[in-house]
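Chain and residue survey
Spelled out from the first residue to the last, the chains are:
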Amino acid sequence: MKLLKKNRNRLILCIVVWWMCIAVFYMITASKISRVGKTISQSGVEMAKAFSSSVSLPLLELDMPTLSALLSEATSNSDIVYAAIIDHKNNIVAYTNVELIMSAMNESTRTVDQVSFWEGNSYDHKKNINFFSDVTYAETKIGEIYLAFSAAEIDKFKKRFGSVALSSFTIMLLVIIVLYYKELRSIVSKLRVAYRTQAGSMGIFVETTCIVCPLCGTNQPFSQEVFNCINLNKFKIIRSTNSELKPERSDKSKDIFLSEIAKRKDLGWLKRQVIVRCIEIIKKLTV
């Protein structure tokens, strides 16, 4: 009893320590994610404002070479994974990557200095932070710009937290199993005894009872495995007596599989007898 109480106290201590460590690690991870997200948001808002201002006149004049040059200059920043310029008719007139598409705004969209930004996923399920702003000329809206910044660093922190939490939980589970190994064995033993007692109360004595095959009369120990482990494709219905009495002189050529009976004319009587016997057994069981 003292050992059980001591192990229970150890279990509670392990869970409390693990929970406290995970809580501290979560707070540290959340703080880093918040800091990285804030940094990306600030730089993205500033870049979106500057990019919107620089493309206003070329967009008004539809100066495609200049717009392409501005896009190339903007995407020279390694953090930008996609950029697009949209005219007043909502048509994309210039973009950087044909394989990427713009992520739709969601409920988490925020607006700072007339620049909207939100988190989304790219076509390859990578995390991005998207920025959207109007392009104006003489205080008149003439189009829009769209920038997508990579948020891979945020994803890295989240995956790291998940892997640490999962691995630490697995280690704690192994520690609990070691502490309670004897108790677990005791519980398994009690379950086995209870199962055998229940089987005995139903008139079935697993240790001493045999089951007789209704086809051939062969005795087998009574268990569910006797019926579950039979592979009919490899079931030998006729075996040579030499293979049982003298394994070193076994005559495998005389062994006949169940599936071969239908192909042999000399054993047609055996096939009919098996079918008739099976029908009789089914009738007895379904009464």
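Whatever comes next refers back to the structure up there.
Here we summarise the structure given alongside this text. (Residues numbered from 1 in each chain as written. Predicted model: local features only at pLDDT ≥ 70, side-chain atom pairs only at ≥ 80, totals over all residues. Heavy atoms only, no water.)

On the surface, a cluster of positive charge is made up of Lys32, Arg35, Lys156 and Arg160. If you list the elements that add at least two residues to the positive patch, you get helix H1 (2-61) and helix H3 (152-179). Relative to the helices and strands, Arg160 resides in helix H3. What makes Arg160 partly exposed here is its relative accessible area of 39%. (Patch = residues over 30% accessible without salt bridge, like charges linked within 9 Å, V, L, I, M, F, W, Y side chains within 5 Å. Areas by Shrake-Rupley, 256 points an atom, 1.4 Å probe, with all protein chains shown as cover. Salt bridge = Lys/Arg side-chain N within 4 Å of Asp/Glu carboxyl O. Lys, Arg positive; Asp, Glu negative; His and termini not counted. Charge placed at Lys NZ, Arg CZ, Asp CG, Glu CD. Helix = DSSP H or I, 4+ residues; strand = E, 2+ residues; numbered from the N terminus. Buried < 20%, exposed > 50% of the residue type's maximum accessible area, 1.4 Å probe, protein only.)

A few words now on the packing of aromatic side chains. Enumeration over the complete set of coordinates arrives at eight aromatic pairs. Arranged with centres 5.8 Å apart and planes meeting at 65 degrees, the rings of Tyr82 and Tyr146 form a pair that is edge-to-face. Taken together, the residues span a long stretch of sequence, with Tyr82 in strand S1 (residues 80-87) and Tyr146 in strand S6 (residues 140-150) at a distance of 64 residues. The exposure class assigned to Tyr82 is buried, which follows from its relative accessible area of 4%. Using a relative accessible area of 2% as the deciding quantity, one classes Tyr146 as buried. Members of the aromatic cluster, joined through ring pairs, are Trp18, Trp19 and Phe169. For the cation-ring pair, Lys156 lies above Phe157, with the distance from its terminal atom to the ring centre recorded as 5.7 Å. (Phe/Tyr/Trp six-rings, centres within 6.5 Å; stacked < 30°, edge-to-face > 60°. Lys NZ or Arg CZ within 6 Å of the ring centre and 35° of its normal.)

What follows deals with the pairing of strand S4 (residues 115-121). For S4, the tally of buried residues reaches five of seven residues, placing the bulk of the element in the interior. Taken together, the three bridges between strand S3 (residues 110-112) and S4 define a ladder with antiparallel strand orientation. Paired with Arg110 across the bridge in S4 is Phe117. Where S3 hands over to S4, the hairpin turn is made up of two residues, of which Asp113 adopts a positive phi near 55 degrees. Strand direction decides the pairing type here: S4 and strand S5 (residues 127-137), joined by seven bridges, are antiparallel. Among the inter-strand pairings, Ser116 is bridged to a residue of S5, identified as Phe132. (Pairing = 2+ DSSP bridges.)

Counting residues in each nonpolar core, the largest one holds 28 residues, and the members touching the most others are Phe51, Val55, Ile85, Phe131, Ile145 and Leu147. Mapped by element, the contributors of at least two residues to this core are H1, helix H2 (64-74), S1, S4, S5, S6 and H3. Here this core takes eight residues from H1, the largest share from any one element. Look past the residues within four positions of Phe131 in its chain and what remains in contact with it is Ile40, Ser41, Gly44, Val45, Ala48, Val115, Ser116, Phe117, Ile145, Tyr146, Leu147 and Phe149. If you look at the next biggest cluster of nonpolar residues, it comprises seven residues, including Tyr82, Ala84, Tyr146 and Ala148. (Core = buried A, V, L, I, M, F, W, Y, C linked by side-chain atoms within 4.5 Å. Contact = heavy atoms within 4.5 Å.)

With that out of the way, let us pick up a nonpolar patch on the surface. Together, Val24, Tyr26, Met27 and Ile28 make up a nonpolar patch on the protein surface, roughly 410 Å² of accessible area in all. Mapped onto the elements of the fold, Tyr26 is located in helix H1. You can call Tyr26 partly exposed: its relative accessible area is 49%.

Ordered by their spatial adjacency, six strands build an open sheet running S2-S1-S6-S5-S4-S3, and the pairing between neighbours is antiparallel. Each having just a single partner strand, strand S2 (92-95) and S3 make up the two edges of the open sheet. When strand polarity is set aside, the average angle formed by the axes of neighbouring strands in this sheet is 25 degrees. Sheet topology places S5 next to S6; 10 bridges connect them, and they run antiparallel. Bridging from a neighbouring strand, Ser133 pairs with Ile145 of S6. (Axes fitted to C-alpha atoms, helices over the stretch in contact; angles between N-to-C directions.)

Moving on, we come to the side chain of Ser52. Here Ser52 shows up in helix H1. Among all residues touching Ser52, those that are not within four sequence positions of it are Ser133, Asp134, Val135 and Ile145.

Attention shifts here to the environment of Ile12. Inspection of the secondary structure puts Ile12 in helix H1. For the pair Ile12 and Ile176, spaced 164 residues apart in the sequence, the C-alpha separation amounts to 10.0 Å.

Another aspect to go through is the pattern of salt bridges. Tallied over the full model, the rule gives five salt bridges. Taking the shortest distance from any N to any O, the salt bridge between Lys141 and Asp134 comes out at 3.5 Å. In this structure Lys141 comes out as partly exposed when scored by relative accessible area, which is 45%. Residues Arg277 and Glu280 are paired through a salt bridge, measuring 3.0 Å at the closest nitrogen-oxygen approach. Here the residue Arg277 and the residue Glu280 both occupy positions in helix H7 (residues 268-286), the gap between them amounting to three residues, near one helical turn. With a relative accessible area of 35%, Arg277 lands in the partly exposed category. It is possible to trace a salt-bridge network through shared partners that takes in Asp134, Lys141 and Glu144.

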